[in-house]
Amino acid sequence: MVLRDRNGSFEPQIVPKGVTRLEGIDDRIISLYARGMTVREIQGHLHELYGLEVSPDLISRVTDAVLDEVKEWQNRPLDPVYPVVFLDALRVKIRDDGLVRNKAVYVALALNMDGDKEVLGLWIEQTEGAKFWLKVINELKTRGVQDILIAVVDGPKGFPETIGAIFPQTTVQTCIVHLIRNSLCFVSWKDCNAIMPALKVVYRAENAEAALDSLTEFEASWGARHPPIRPIWRRAWEQVVPFFVFPPDIRRMIYTTNAVESLHRSLRKVIKTRGSFPTHGKA
């Protein structure tokens, strides 16, 4: 038998009239999604924990609702000056036109005037290149950035010129870790243990002149066996040496993109359970 309220006087206490979802469920759905759970996993979790039957469409609508907040965050005003900005890209699988594609998530991570880390923005594009980085840097300027003292980059071709076109006074520092990784691509695993100490002598030198001498010695010792390494360092040398004018503590902070690599690890930890993101907007 179904009870009826002829006079319309009944007031539900658990789910009020006109409310289609329990209070706090939206926040729980968003929290679970932010931790990397898929729509189906969230559906199963809510059923197991709360006994709630929630449709995948409802979960998608809830997660879509945060896109406006994401756009607001992406377009927020920025500080006029940042001492250090790390620029790097992360590869992510995203469904596009029915196909799963590898796309580049461009990341700008800054150290602000208080010394705190601040993510300035995330952008998605098919590939990583100086052309799209120009768009990113232009956007930073549009949002209020007037100057960047040091930009730490991973070294795509044309990147220093791209930054200089917008912020001509910015010092561009190539990430030493990326240079070492690129160098070791041409080295057999047997030689890696011997080459690494020789490269450390280069970037841990007392000054730029000593570093160049160490690079010359490295080339004399290893150049014949591994010739591709020499042009990797020589081409980037103008962006390798800027950090030598700083004291050792500052050098360790700016000659590598470890700060943004740490952010990448946090992002990968969240997305590792996903085969791919369902759409460009959900990435």
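Here goes a summary of the coordinates provided.

Rules behind the numbers
- Residues numbered from 1 in each chain as written.
- Predicted model: local features only at pLDDT ≥ 70, side-chain atom pairs only at ≥ 80, totals over all residues.
- Heavy atoms only, no water.
- Helix = DSSP H or I, 4+ residues; strand = E, 2+ residues; numbered from the N terminus.
- Buried < 20%, exposed > 50% of the residue type's maximum accessible area, 1.4 Å probe, protein only.
- Contact = heavy atoms within 4.5 Å.
- Areas by Shrake-Rupley, 256 points an atom, 1.4 Å probe, with all protein chains shown as cover.
- Expected span 1.5 Å × (residues − 1).
- Bend = angle between axes of the 7 residues up to and from the residue.
- Salt bridge = Lys/Arg side-chain N within 4 Å of Asp/Glu carboxyl O.
- Axes fitted to C-alpha atoms, helices over the stretch in contact; angles between N-to-C directions.
- Parallel < 35°, antiparallel > 145°, perpendicular 65-115°, else oblique.
- Left-handed = near helix turned anticlockwise from the far one by under 90°.
- Nonpolar A, V, L, I, M, F, W, Y, C, P; charged D, E, K, R; others polar.
- Arc of directions from axis to C-beta.

## Comments concerning the overall build of the protein
Scanning the protein for helices and strands turns up twelve helices and five strands. By the burial criterion, 40% of the 283 residues in the protein qualify as buried. Put simply, 60% of the contacts in the protein that link residues at least 6 apart link residues at least 24 apart. For the protein, the computed accessible surface area is about 16800 Å², with 54% contributed by carbon and sulfur atoms.

## A few points about helix α8 (residues 189-203)
Taking 1.5 Å as the rise per residue, α8 with 15 residues should run 21 Å; its terminal C-alpha atoms sit 21 Å apart, in good agreement. Remark: the principal bend of α8, roughly 35°, maps to I195, with a proline, P197, within the next four residues. Buried residues of α8: D191, C192, I195, L199, V202 and Y203, and no others. Taken together, the buried residues of α8 touch α7 (176-184), α9 (208-222) and α10 (229-240).

## So, the pattern of salt bridges
Under the criterion given, the structure shown has six salt bridges. Between E139 and R143 there is a salt bridge whose closest N-O contact spans 3.6 Å. Assessed through its relative accessible area of 8%, R143 is described here as buried. For R252, the salt bridge goes to D249, with nearest N and O atoms at 2.5 Å. With R252 and D249 both in helix α11 (residues 248-254), this residue pair falls three residues apart, about one helical turn. Salt bridges sharing partners connect three or more residues here, namely E219, R230 and R234.

## Quick word on the packing of helix α5 (residues 130-142) against helix α6 (residues 159-166)
For the pair α5 and α6, interaxial distance at closest approach is 9 Å and the crossing angle is 25°. Taken together, α5 and α6 sit at an angle that is classed as roughly parallel. The crossing of α5 and α6 is right-handed. Contacts between α5 and α6 involve A130, W133, L134, I137, N138 and K141 from the former and F159, T162, I163 and I166 from the latter. Its residues assigned to classes, the contact of α5 with α6 shows seven nonpolar, two polar and one charged.

## Structural notes on α10
The end-to-end C-alpha distance of α10, which contains twelve residues, comes to just 14 Å, noticeably less than the 16 Å that a straight helix rising 1.5 Å per residue would cover. Taken as a whole, α10 has its buried residues at I229, I232, W233, A236, W237, Q239 and V240. Buried residues along α10 cover an arc of 160° about the axis, so they all sit on one side. Facing away from the buried surface of α10 by more than 90 degrees, the exposed residues are R235 and E238. Tucked into the core, α10 has its buried residues touching α6, β5 (171-174), α7, α8 and α9.

## Concerning the packing of α9 against α10
Taken N-terminus to C-terminus, the directions of α9 and α10 make an angle of 160°; their axes are 10 Å apart at the nearest point. Taken as axis vectors, α9 and α10 run roughly antiparallel relative to one another. Where α9 crosses over α10, the handedness of that crossing is left-handed. Where α9 abuts α10, its residues A208, A211, L212, L215, T216, F218 and E219 lie against I229, R230, W233, R234 and W237.

Don't take any of this as a statement about function, it's just geometry.
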